[in-house]
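Structural description and commentary
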Amino acid sequence: MKKIIAVTAGLMLAGTIAASASAAEITFSGDARARYNYEDNYNGLAGGAGIHSTKVPVNQSDSFWNSRIRLQFQINTKGGAYAVGRFRLADGTWEGNTGSTVNPPGGGGTGGSVAYAATNTKSNIWVDVGYVGVPMGPVVLEGGLGYDDFTNDFLRAGTTDNFTFLRAKYATDQTTLYAFYEKLRVDPLLGDATYTDGLNNVNQYGIDLIQKFNSDWSMNGTVLYRDDQQTAYDYSGAAADILVNGKLPNDIKIWAELAYKQADYQAGGYYNNAVNSAKEGWSNKSTTGDDGWGGYVAAKFPLGNGVAISAMAGASLNGYTASPDFGGGKQAEYAPFVMLSQPTTKDLGFLGTGVLIGSPDGDAYFVNVAPSVQASDRLTLTLEGTYMNADYGRGAYLGNNRYVNGINSLNIWEIGGIAQYKVTDGATISAMLGYLNIEDADNNPLGFGVSLDLKF
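In short, a report on the structure. (Residues numbered from 1 in each chain as written. Predicted model: local features only at pLDDT ≥ 70, side-chain atom pairs only at ≥ 80, totals over all residues. Heavy atoms only, no water.)

**As for the overall build of the protein**
As a reminder, the rule being used: Secondary structure elements are defined from DSSP: runs of H or I of at least 4 residues count as helices, runs of E of at least 2 residues count as strands, and each element is numbered from the N terminus. Throughout, a residue-residue contact means that at least one pair of heavy atoms, one from each residue, lies within 4.5 Å. Here the open area of atoms and residues is found with the Shrake-Rupley method and a 1.4 Å probe, where only the protein chains shown may cover a residue.
Helix and strand counts for the protein come out as four helices and 20 strands. For the protein, the proportion of contacts with a sequence separation of at least 24, taken over those separated by at least 6, is 60%. For the protein, the exposed surface amounts to about 20,600 Å²; the carbon and sulfur share of it is 60%.

**A look at unusual backbone geometry**
Applied cut-off: Accessible area is worked out with a 1.4 Å probe on protein chains only. A residue is then buried under 20% of its type maximum, exposed over 50%, and partly exposed in between.
Even without being glycine, Asn-41 reaches a positive phi, approximately 65 degrees. Within the fold, Asn-41 resides in the loop between strand 1 (25-40) and strand 2 (61-76). In this structure, Asn-250 is a non-glycine residue whose phi angle is positive, near 65 degrees. With respect to the secondary-structure elements, Asn-250 resides in the loop between strand 10 (237-248) and strand 11 (252-261). On the accessibility criterion, Asn-250 (68% relative accessible area) is exposed.

**A closer look at the nonpolar core**
Nonpolar side chains in soluble globular proteins generally cluster together in the buried interior. Applied cut-off: Take the buried residues of types Ala, Val, Leu, Ile, Met, Phe, Trp, Tyr and Cys, join any two whose side-chain atoms come within 4.5 Å, and each joined set is a nonpolar core.
Within the largest apolar cluster, 41 residues are counted, with the highest numbers of intra-cluster contacts made by Phe-154, Tyr-296, Met-312, Phe-326, Val-355, Ile-357 and Met-388. Residue assignment for this core shows that the elements contributing at least two residues are strand 7 (175-183), strand 10, strand 11, strand 12 (292-304), strand 14 (364-374), strand 15 (379-392), strand 18 (408-424) and strand 19 (427-438). Beyond its immediate stretch of four places on either side in the chain, Tyr-296 contacts Phe-154, Leu-243, Trp-255, Ala-256, Glu-257, Met-312, Ala-313, Gly-314, Phe-326, Tyr-334 and Phe-366. With ten residues, the next largest nonpolar core counts Tyr-82, Val-140, Phe-165 and Leu-184 among its residues.

**Examining the packing of aromatic side chains**
For the record, the criterion: Put simply, two rings from Phe, Tyr or Trp (the six-membered ring, in Trp's case) pair if the centres are within 6.5 Å, and we call them stacked under 30 degrees between planes, edge-to-face over 60, tilted for the rest. Each ring is checked for a lysine NZ or an arginine CZ that lies within 6 Å of its centre and within 35 degrees of its normal; such an atom marks a charge sitting over the ring.
Counted by the stated rule, this structure contains 16 aromatic pairs. Positioned above the aromatic ring of Tyr-265 is the side chain of Arg-226, whose terminal nitrogen or guanidinium carbon lies 4.0 Å from the ring centre. In this structure, Lys-261 packs its charged tip against the face of Tyr-320, placed 4.6 Å from the ring centre.

Okay, here's the thing in structure tokens:
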């Protein structure tokens, strides 16, 4: 311990001297959490790669703890250039951990550290963000490792997977424009034996525009093109998304989003090919062979005395599925899902079962209603209900647009409760309880979770 303290003090002193010498400014921020989850009948929901299950839950329960600490820093030089980095400490699923990065316990993974944490808990520290920014006139060039959390979660997961990127950013008070290149995560060093052809380059190019029209109205639009140069798989294609949100009289808030994925783009799932989609366990690879569409409209109505109600209705067509990050988090105001989706880094949604919004095998229609009440300055209570009718069951492809099994249309109901208590500035205790009813299932999923979340 004395050695650690001495080394830490030395590094801090060296950093202070270096910062003073170069007139650099260093700022720190971050978050931390500890969560307990109980999951009943979760297995059998997410499906696998290529053949999508008919959503038959397996009668099996699991409980585990999950925790992490994330420390982010930014170093700003005198000339305006900067470096951003983030450490993740003790990030993993603890106790009852029978899974791995390929097959994590319960509903989902923990940022890629499940197996590492289980085998080497004394040195669980890793870096998921590290990039530099250099201003060049009105444009800033950024490059390195990180996420694209400026895009909309209905189209793609912005915080679930990181990758190397190069992007140009132009920003004013009203307009933020990104033009970016991404090297997606395809690397034989990750341990995927499928990658033996030596040509595993999957690149993605995109433009994202965030435009504020006034204090009440704004939009966020994205256009993507994935250039897949693999010899075993080729999922090159385009995707696009636009979200418009604003405020009507009487403080009514509204959101409307429309997304599109070209057939080959959505056939590859959120990751780069069948292998990576299977690793994550999400049924996100479209089997329809068609271009996919998805969208929704939502509104939140204040009723007075801290009471409000939100409502959302939407549809997805031709194999479109929303990303696992959709629901809770940035959509907490109008889509506070408890059991649906599979977000891994959100404040809400940590009971996600892996049943995504939409269907990879056909069409889906969904409705969510969520009344909420701010019981005090510290306590907020939310009750939500969701109905989704989705097509599942298209089996392995036999050629000539024929599959092993036909399509089954399932009715799925969710009910969930959320309680959030603000202990102090930067510290919140959250509790969630959810139940997912799947048509004709003998064992339906039930989840409970409590979380201590800190932001600093």
